[in-house]
Amino acid sequence: MRIRNAPWSNAVFFGITDIWTYVAGAFFIILLPGPNSLYVLSTAAQRGVRQGYRGAMGVFVGDTLLMVLAAAGVASLLRSTPILFNVVKYAGAAYLAWIGFQMLRSAWRSRRSPDAGGEAAEATSDRERAAESPFRKALIVSLMNPKAILFFISFFIQFVDPAYGTPALSFLILGAICQLFSALYLSVLIFGGTFLAGQFRSRRGLSAGLRTGVGALFIGFGARLATATLG
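Residues numbered from 1 in each chain as written. Predicted model: local features only at pLDDT ≥ 70, side-chain atom pairs only at ≥ 80, totals over all residues. Heavy atoms only, no water.

- For the protein, the name recorded in an unreviewed UniProt entry is Leucine efflux protein LeuE, with Streptosporangium oxazolinicum as its organism.
- Entered under Sequence similarities (unreviewed entry) in the UniProt record, the comment concerning the protein runs "Belongs to the Rht family."
- Recorded in UniProt under Subcellular location (unreviewed entry), the annotation for the protein is "Cell membrane". (UniProt positions renumbered as here; feature names shortened; annotations may be inferred.)

### As for the UniProt feature "transmembrane region" (unreviewed entry) in the protein
Argument step 1. Annotation from UniProt places "transmembrane region" (unreviewed entry) at residues 12-34, 55-77, 83-104, 138-159, 171-196 and 208-226.
Argument step 2. Taken end to end, residues 83-104 is 100% helix and 0% strand, and its first and last C-alpha atoms sit 31 Å apart. (Helix = DSSP H or I, 4+ residues; strand = E, 2+ residues; numbered from the N terminus.)

### Looking at a nonpolar patch on the surface
Argument step 1. A grouping of Met 57, Val 61, Leu 65 and Phe 135 is seen on the molecular surface, where their side chains present a nonpolar patch of about 310 Å² in accessible area.
Argument step 2. Residue contributions to the nonpolar patch peak at 3 residues, all from helix α3 (residues 49-71).
Argument step 3. With respect to the helices and strands, Val 61 occurs in helix α3. (Patch = residues over 30% accessible without salt bridge, like charges linked within 9 Å, V, L, I, M, F, W, Y side chains within 5 Å. Areas by Shrake-Rupley, 256 points an atom, 1.4 Å probe, with all protein chains shown as cover. Salt bridge = Lys/Arg side-chain N within 4 Å of Asp/Glu carboxyl O.)

### What to know about the nonpolar core
Argument step 1. Counting residues in hydrophobic clusters, the biggest one holds 22 residues, and the most contacted among them are Tyr 22, Phe 151, Phe 152, Phe 156, Leu 174 and Ile 177.
Argument step 2. Counting only elements with at least two residues in this core, the list comes to α1 (19-31), α3, α8 (146-154) and α9 (167-202).
Argument step 3. Examining the composition of this core, we find that 6 residues originate from one element, α9, more than from any other.
Argument step 4. One finds Phe 60, Ala 93, Ile 99 and Leu 186 within the second-largest nonpolar core, a separate group that totals 20 residues. (Core = buried A, V, L, I, M, F, W, Y, C linked by side-chain atoms within 4.5 Å. Buried < 20%, exposed > 50% of the residue type's maximum accessible area, 1.4 Å probe, protein only.)

Put into structure tokens, the structure is as follows:
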């Protein structure tokens, strides 16, 4: 629901209605914990700044695709076609849950092994992480992110005046604002994650604990998406 209490919120800026309401809403929505930010943080903590930014680029591309789809009318299509929305919803929920179970399995394998075996399991886990592409995985996570899906379906498109002659410009400005907040926030998480990386390298139990916690949260994100409604 839009907030129109303040007189300045009624101004239209390049076809955008209530731009400051959008700015405030986008800022706080970006700050809410979600699978995008959690994946980038864990990637940076375990694999460093470069890999963290590769994950962040996957998030940026995924969010951009969602914005383009919303601008093209796919958001309205999902709202008006419950079956299609449910297909997207359950596919996303299954993928997020699968990532969570993979992380839990890796952490369990590391914890249950003796020290020598634990080092071997850790080395195997490191090879598995090195083989995966942070960009590709983050891109899929972004496209299946329940927070992003509901944001672009229910919030993003509300702020474009349908009577404006070039709505593409309106969507471009809204997208740029959202991506700016996202870039700043993910950069903070990446450098915060690398600060923790040394602790994870020297403490195998702490690293396993991180994967356990992140895996459980991804399963939770999947469950939340599976029960999401358009309202």
